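Results of the structural survey
What follows is each chain in one-letter form.
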Amino acid sequence: MPLVANRCRKQVFLLAVGVCLLVAAPVRAAEEIDHGFPVTPDTAVRVSWSDLVAYEALLESHGMLAPPSEPTPFVKVESDLEIPPDALDTEGVVGVSSSVVPVMPAAMSPPLATHFEGLPDAGWLAPPDTSGAVGPNHLMITLNDRVRIQDKNGNVLSTMNLGTFWSPLGVGDVFDPRIIYDPLANRFVTITCAARRSSNSSMLFAVSASSDPTGDWYLYRFIADTDDALWADYANIGMTSKWITFTSNMFTVSGDLFAGVTIWAVDKSSVLSGGAIRATAFFRSGVGSVLSPCLTFSPEEETQYMVSVVNGNLGGRGYIRIHTITGEAASPVYTATSTYPTGVSWNRTHINAPQLGTTNRIATNDERMHNAVLRNGRIWCTHTGGMPTSATSYI
């Protein structure tokens with residue numbers, strides 16, 4: 001079920017800078033195709049949640065519980081990529097308009113049934129890097145320091161250090177966790193970066209053995225760079241009926257220079273039973289940073305779409321690019337497809353956000369894509385941007 005621009009059979013809609021954008025005709029740029037290379041986990045472990053709880057209690061009783069890792073300071077990435085002038089296609093730019101009629105859902109969301117506190121920030125680390133996912137009976141939350149499982153009434157079932165959860169893989173310095181619930185496979189899936197600025201840098205990947213996160217887990221460790229020259233930062237995750245896909249920004253171990261983005265596409269069928277995992281990696285440079293894989297909730301949609309910011313202001317418009325993974329589950333193919341002009345522009349320099357109770361502001365960093373969801377043939381994605389575009393500095 002291909003997604004195409006609005007001069008073809010279907011339309012793609014993008015949500016960017018907090019608004020819904022109708023995607024215009026793409027720029028006429030050659031597609032970039034990559035077949036990637038197979039990768040296998042350096043370590044694979046099956047572990048029960050109860051064993052992890054017991055292990056943490058043992059460490060704590062001996063005063064050996066390791067403190068959480070410090071979060072990675074914000075590291076700048078490649079942005080505002082050049083687009084050849086002769087490749088710009090400005091026909092049919094729709095953008096944000098009062099004449100655009102929003103598409104209403106077939107059914108409205110149900111009313112809020114209850115609310116309760118999840119996992120509060122302990123004040124140990126800044127930022128906490130919050131992430132959470134909801135399954136049929138459980139809520140699971142990951143922060144930079146801890147992991148918590150609750151039932152849907154808000155009762156806390158278990159809390160442990162993030163480092164304890166990943167300890168069976170023999171790694172330390174874990175950071176930037178993300179977690180999702182995959183309703184197509186009925187599993188919780190989580191990823192984390194490990195061992196920053198090190199030749200031991202790794203991407204950690206885990207899948208629950210069932211829809212119950214208090215049961216068994218399959219844990220895997222992928223080496224971030226087999227040449228030991230790059231380290232992984234700022235992980236992101238998505239999925240389709242075929243793949244679980246995660247990405248990370250890659251920086252040089254020496255100097256923290258942005259090098260590109262690595263994409264890991266895991267054949268979902270190979271991981272659900274804890275067997276030999278099949279995965280393919282793609283390293284891409286020159287595509288900007290943060291390729292955000294879509295959470296794809298339609299079982300009929302096999303293509304893994306990813307979205308990235310290309311340029312916030314080129315000729316008065318911002319540009320977003322769509323990337324795909326297609327093919328067989330065990331032999332995927334990456335394609336950098338079209339670059340789409342939007343109806344708005346933005347500045348990659350942002351104002352730091354105010355917050356209640358203090359004059360300290362929250363760092364909003366840059367324009368990188370944060371997350372993306374594909375539903376009913378539309379991509380909904382979010383990122384931030386500074387406005388007005390003409391501003392040269394912000395507080």
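Our subject in this report is the structure included herewith. (Residues numbered from 1 in each chain as written. Predicted model: local features only at pLDDT ≥ 70, side-chain atom pairs only at ≥ 80, totals over all residues. Heavy atoms only, no water.)

**Some points on the overall build of the chain**
- A count of helices and strands for the chain gives 3 helices and 25 strands.
- The proportion of buried residues among the 395 residues of the chain is 51%.
- Taking as baseline every contact in the chain between residues at least 6 positions apart, the subset at least 24 positions apart corresponds to 59%.
- Of the roughly 17600 Å² that the chain leaves accessible, carbon and sulfur atoms contribute 54%. (Helix = DSSP H or I, 4+ residues; strand = E, 2+ residues; numbered from the N terminus. Buried < 20%, exposed > 50% of the residue type's maximum accessible area, 1.4 Å probe, protein only. Contact = heavy atoms within 4.5 Å. Areas by Shrake-Rupley, 256 points an atom, 1.4 Å probe, with all protein chains shown as cover.)

**Some points on the side chain of H383**
- With respect to the helices and strands, H383 occurs in strand β25 (residues 378–383).
- A polar contact of 3.2 Å, which involves the side chain of H383, links it to the backbone oxygen of E367. (Polar contact = N/O pair within 3.5 Å; in protein donor to acceptor, adjacent residues only side chain to side chain.)

**Describing the pairing of strand β21 (residues 331–341)**
- Of all 11 residues in β21, 10 are buried, a share of seventy percent or more.
- Looking at chain direction, strand β3 (residues 32–34) and β21 are connected through 3 bridges and run antiparallel. Among the inter-strand pairings, I33 is bridged to a residue of β21, identified as T335.
- Examined bridge by bridge, strand β20 (residues 317–328) and β21 share 9 bridges and lie antiparallel to one another. The partner of E328 across the bridge, within β21, is S331.
- Count of turn residues in the β20/β21 antiparallel hairpin: 2 residues. (Pairing = 2+ DSSP bridges.)

**Brief notes about the packing of aromatic side chains**
- Inspection of every chain in the model, using the stated rule, returns 11 aromatic pairs.
- Aromatic side chains W49 and F165 sit 6.0 Å apart centroid to centroid with 50° between the ring planes, which places their arrangement in the tilted category. Taken as a pair, W49 in helix α1 (residues 49–61) and F165 in helix α2 (residues 162–166) lie far apart in primary sequence, 116 residues in all.
- On the basis of relative accessible area, W49 is assigned to the buried category, the value being 3%.
- A centroid spacing of 4.8 Å and a plane angle of 65° characterise the contact between Y181 and F188, whose relative ring orientation is edge-to-face.
- On the basis of relative accessible area, Y181 is assigned to the buried category, the value being 11%.
- Taken together, F205, Y220, F222, F246 and W264 form an aromatic cluster joined through their ring pairs. (Phe/Tyr/Trp six-rings, centres within 6.5 Å; stacked < 30°, edge-to-face > 60°.)

**Some details on the sheet that holds strand β10 (residues 174–182)**
- In spatial order, the strands read β5-β13-β12-β11-β10; together these 5 strands make up an open sheet with antiparallel pairing. Because the sheet does not close on itself, it has two edges, and the strands there are β5 (43–48) and β10. The mean angle between the axes of side-by-side strands here comes to 20°, regardless of whether they run parallel or antiparallel.
- Sheet analysis places strand β11 (residues 187–194) next to strand β12 (residues 202–208), joined by 6 bridges and oriented antiparallel. Across the sheet, residue T190 finds its bridge partner in β12, namely A206.
- Of the strands in this sheet, β5 and β13 (216–223) touch α1, which is tilted by about 90° from β5. (Axes fitted to C-alpha atoms, helices over the stretch in contact; angles between N-to-C directions.)

Everything listed here is a matter of coordinates, which is why it stays silent on function.
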